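Reading the structure
Now for the letters of each chain:
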Amino acid sequence: MLVLGIESSCDETGIALVRADGPALPVLLAHALHSQIEMHQAYGGVVPELASRDHIRRVLPLTRQVLIEAAHTLQDVDVVAYTRGPGLAGALLVGAGVACALGAALGKPVLGVHHLEGHLLSPFLSEDPPEFPFVALLVSGGHTQLMRVDGVGRYEMLGETIDDAAGEAFDKSAKLMGLGYPGGPALSRLAEQGDPAAFKLPRPLLHSGNLDFSFAGLKTAVMTQAKKLGDDLEARKADLAASTQAAIVEVLLKKSMTALQRTGLRRLVVAGGVGANKSLRNQLNAVCAKGGIRVHYPELHLCTDNGAMIAMAGAMRLQSGLQAPTRAYAFDVKPRWPLDSL
Ligand code: KG4
Ligand code: ZN
């Protein structure tokens, strides 16, 4: 069975083709990605209308590219999977509209996929895929969640952010320091030259006793510190970046370990854009190695949004029998859609 995946929930157009044979893990045949980051950079963030229009321009050429690379034609595709939500409504509608149009034209069914389930299952595309059950730390631009995962579609929320996501904390702090958009990668690069102990920044909810997160206060503390530094900010930017990253990473690390302890599970899966963060990976690897915990990540290039994770999640849902593809072609996207409601 060949599944074409279409991702268009935010500022990346991603297309991929996977093959799923029987119960074996689906295999990625080809994928292609166009990032809109350069286009949005001038505005300091994603402009939804521009995002939608760009997805329209990219989605079919990228699909052609993927099919050529995989040596297949559109007629070979059995199911068209697309990101149904959460995300920007207009951007989602492009992927859903194209998926439904392709499905209707080819006489093939379509499948709406949850974007976060795509992130969550993306480590199954890596050389070292996890096994169920595991604790998942989902850290994207809009979400920070700890979940217990017992299988495809079996997700129990253990804790989540009550305000900003970890990715948002990276992005907003970076913006305050004039590092541009998206801030996470820029801030983490600069942090490599700084002292993580230079500034005392809050570790929100570190000792709250539950598995929830809060990062809005951290951003305010970074702003206060930046103001205090005044003209010295430029010279101390790397220290401030390193201190900000250290605060975010410490909270993510501590809460992940608590989640593992509480569930008694010995396996951790990290997914979402912030999962590309080097410091987070290094520290998690060290702590998990000491505690005998296996930790899995998506391949670095599949941490941020891409089509491969959508094709993969679609294929795994089909294999699990949880969701039948549909010929209803009702592109009813869900800009807001909690993962544990699946
Ligand atoms: O998962 P993703 O691509 O998009 C969403 O679904 O939101 O995540 C994007 C987020 C952004 O906040 C970005 O700054 C952050 O991931 N990010 C990073 C790094 N790479 C991407 N944050 C910290 N360090 C990185 N290396
Ligand atoms: Zn994402």
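Data block above holds the structure.
Residues numbered from 1 in each chain as written. Chains lettered and ligands numbered in written order. Predicted model: local features only at pLDDT ≥ 70, side-chain atom pairs only at ≥ 80, totals over all residues. Heavy atoms only, no water.

Some points on the coordination of the zinc ion (ligand 2)
- At 2.0 to 2.1 Å from the zinc ion (ligand 2) lie its protein donor atoms, namely His115 (NE2), His119 (NE2) and Asp305 (OD).
- Coordination geometry of the zinc ion (ligand 2): the 4 donor atoms subtend angles of 94 to 133° at the metal centre, consistent with an arrangement described as tetrahedral.
- Mapped onto the polypeptide sequence, the residues donating to the zinc ion (ligand 2) form the spacing pattern H-x3-H-x185-D. With His115 and His119 both in helix α4 (residues 115–121) and 4 residues apart, this pair spans about one turn of that helix. Take His115 and His119: they sit in the same class, and that class is buried. (Donors = N, O, S within 2.8 Å, 3.2 Å for Na, K, Ca; no water. Tetrahedral: all angles 85-135°; square planar, octahedral: opposite > 155°, others 65-115°. Helix = DSSP H or I, 4+ residues; strand = E, 2+ residues; numbered from the N terminus. Buried < 20%, exposed > 50% of the residue type's maximum accessible area, 1.4 Å probe, protein only.)

Some details on the pattern of salt bridges
- In total, this model carries 14 salt bridges according to the counting rule given.
- The shortest N-O distance in the salt bridge between Lys172 and Asp164 comes to 3.3 Å.
- Residues joined by salt bridges that share partners form a network here, namely Asp164, Glu168, Lys172 and Lys219. (Salt bridge = Lys/Arg side-chain N within 4 Å of Asp/Glu carboxyl O.)

Digging into the site of ligand 1
- Around ligand 1, the structure places 18 residues, and the nearest of them are His119, Gly141, Asp171, Gly273 and Asn277.
- Separating an oxygen atom of ligand 1 from a backbone N or O atom of Gly184 is a distance of 3.1 Å.
- Within the contact set of ligand 1, a nitrogen atom lies 3.0 Å away from a side-chain nitrogen or oxygen of Asn277.
- For ligand 1, whose free accessible area comes to 560 Å², the fraction covered by protein is 87%.
- Taken together, the elements giving at least two residues each to the shell around ligand 1 come down to α4, α5 (166–176) and α6 (183–191). (Near = heavy atom within 4 Å. Polar contact = N/O pair within 3.5 Å; in protein donor to acceptor, adjacent residues only side chain to side chain. Areas by Shrake-Rupley, 256 points an atom, 1.4 Å probe, with all protein chains shown as cover.)

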